[in-house]
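Listed below are the residues making up each chain.
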Amino acid sequence: MSAATTRSRTPDRLCAEAVDLARSAAEEAAAPGVVGEHVSVVADGDRVVTHFFECKEPGYRGWRWAVTVARASRAKVVTLDETVLLPGPDALLAPEWVPWSERLRPGDMGPGDLLPTEAEDLRLEPGYSGADAVPPNSVLPEVMTPQNLADLVEAEDAGPDLEPADRADTSPVPERGSIASVAEELGMRRARVLSRYGLHAAADRWDEAFGAKTPMAQAAPAPCVTCGFLLPLAGSLRQAFGVCANEFSPADGRVVSLAYGCGGHSEAAVMPKPPRRAAPVLDSMATDAFPLRPSADSGSVITAEDESEDLGHS
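Residues numbered from 1 in each chain as written. Predicted model: local features only at pLDDT ≥ 70, side-chain atom pairs only at ≥ 80, totals over all residues. Heavy atoms only, no water.

Participant: What is the right way to look at the nonpolar core in this model?
Facilitator: In summary, soluble globular proteins display a tendency toward joint burial of nonpolar side chains. Among the nonpolar cores identified, the biggest contains 16 residues, and Phe 53, Trp 65, Val 67 and Val 69 are the most heavily contacted of them. Contributing elements (two or more residues each) for this core: helix H3 (19-29), strand E2 (48-55) and strand E3 (63-70). Residue contributions to this core peak at four residues, all from E3. In terms of nonpolar packing, the next biggest core, distinct from the first, is built from nine residues, Phe 210, Ala 217, Cys 224 and Leu 230 among them. (Core = buried A, V, L, I, M, F, W, Y, C linked by side-chain atoms within 4.5 Å. Buried < 20%, exposed > 50% of the residue type's maximum accessible area, 1.4 Å probe, protein only. Helix = DSSP H or I, 4+ residues; strand = E, 2+ residues; numbered from the N terminus.)

Laid out in structure tokens, this is it:
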């Protein structure tokens, strides 16, 4: 180890004693009362020393104010170099930065937001592979790419009035009935479509939200595959998923698994009507009349006419 290296590890005496100078510089950069006790002093080089002070700023637990001082060779005056706030060994730090593409979650996008996809996105694959062999002397390029296909379609739409310099592709315009025209008519103009990985990822999400293992499906009277409110999807996903069109279902407008189900099934049993109550035998709501004297036709009162008949008098 050289003598210069040994001297650089030993703090300079005058610089190490300049604690008050370092504290005043830290308080000027921060605020009075924020700079705490002197923690340590470290030699950064020959006649270059850094003083560390505690930071009492809320939210900066474990951080330290670092003030570097130095002096010139054979000089007795210590000068200020720089002041900075640095994290300590146990400092409270922000979480590690994560790219926005990894932080984005479903539902984060709002009106006007744009979400570009990477060129090598595993969820997508070329929509037109161009696997067909190009006929000899064809005006189409040997390797048909989505960009070439889009350029050819734009050239066809532009018509023959534009000059070659104004066209996206300077190659001759293909005639109607070419591969580009047929691809556009068949709905294959999309540059990229879902790959098998993208289909499986979407199917896993949909099955987790509205699948056979959800509590709603476990208590359903029948699965969605037999429900009249199910709108089947197109393509390969038709065999496993559909869209619910029942406004009273919790999955209305959502992609549901064919094994999912809810109480709004179109073939659910009709609730029986409540039975009609029979008329009461005893009318407990009406009042009964109790006369003070029995009526004449009640049979409990004997009149003079009845007595004459019994005794045989005329």
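Participant: How should a nonpolar patch on the surface be read in this particular structure?
Facilitator: A cluster of nonpolar side chains, Trp 100, Leu 104 and Met 109, forms an exposed patch at the surface whose accessible area comes to about 280 Å². Here Trp 100 is to be found in helix H4 (residues 100-103). (Patch = residues over 30% accessible without salt bridge, like charges linked within 9 Å, V, L, I, M, F, W, Y side chains within 5 Å. Areas by Shrake-Rupley, 256 points an atom, 1.4 Å probe, with all protein chains shown as cover. Salt bridge = Lys/Arg side-chain N within 4 Å of Asp/Glu carboxyl O.)

Participant: Can you help me understand the environment of Ala 212 in this one?
Facilitator: Assignment of secondary structure puts Ala 212 in the loop between helix H7 (196-209) and helix H8 (215-218). By relative accessible area, which is 32% here, Ala 212 ends up partly exposed. When the C-alpha atoms of Ala 212 and Leu 258 are compared, they prove to be 8.2 Å apart, with 46 residues separating the residues in sequence. Those residues within four positions of Ala 212 in sequence are excluded, and the remaining contacts are Asp 207, Ala 217, Gln 218 and Ala 259. (Contact = heavy atoms within 4.5 Å.)

Participant: Explanation requested: the side chain of Ser 195 in the structure shown.
Facilitator: Positionally, Ser 195 belongs in the loop between strand E6 (192-194) and H7. For Ser 195, a relative accessible area of 6% puts it in the buried group. Reaching out from Ser 195, the side chain makes a polar contact with the backbone oxygen of Leu 122 at a distance of 2.5 Å. Contacts of Ser 195, omitting those with residues within four sequence positions, involve Leu 122, Arg 123, Leu 124 and Glu 125. (Polar contact = N/O pair within 3.5 Å; in protein donor to acceptor, adjacent residues only side chain to side chain.)

Participant: Explain H3 here, please?
Facilitator: For an α-helix the count is 3.6 residues per turn, leaving residues at separations of three or four pointing the same way. Three or more residues of H3 are buried, namely Ala 22, Ala 25 and Ala 26. Taken down its axis, H3 places every buried residue within 100° of arc, on the same side. Within H3, the exposed residues directed more than 90 degrees away from the buried face are Asp 20 and Glu 28. The elements touched by buried residues of H3 are strand E1 (35-45), E2, E3 and strand E4 (79-87). (Arc of directions from axis to C-beta.)

Participant: In this structure, what is going on with the sheet that holds strand E8 (residues 241-244)? I would like to understand it.
Facilitator: Backbone-to-backbone hydrogen bonds pair the strands of a sheet. The strands run either parallel or antiparallel. The antiparallel open sheet is built from three strands, whose spatial order is E7-E8-E9. Looking along the sheet, the strands with just one partner apiece sit at the ends: strand E7 (230-232) and strand E9 (255-257). Along the sheet, successive strands turn relative to each other by an average axial angle of 50°, direction set aside. Strand direction decides the pairing type here: E8 and E9, joined by three bridges, are antiparallel. Bridged to Phe 241 within E9 is Ser 257. (Pairing = 2+ DSSP bridges. Axes fitted to C-alpha atoms, helices over the stretch in contact; angles between N-to-C directions.)

Participant: Looking at this model, I keep getting lost on the pairing of E8. Mind explaining?
Facilitator: Successive residues of a regular strand alternate their side chains across the two faces of the sheet. Examined bridge by bridge, E7 and E8 share three bridges and lie antiparallel to one another. Among the inter-strand pairings, Pro 232 is bridged to a residue of E8, identified as Gly 242.

Participant: Honestly, unusual backbone geometry in this entry has me stumped. Any pointers?
Facilitator: Apart from glycine, the bulk of residues carry a negative phi angle, and the bulk of peptide bonds sit in the trans form. For Arg 47, which is not glycine, the phi torsion reads 60° and is therefore positive. Mapped onto the fold, Arg 47 is located in the loop between E1 and E2. By relative accessible area, Arg 47 is classed as partly exposed at 29%. For Arg 74, which is not a glycine, the phi torsion comes out positive at approximately 65°. With respect to the helices and strands, the residue Arg 74 is situated in the loop between E3 and E4. For Arg 74, a relative accessible area of 83% corresponds to the exposed category.

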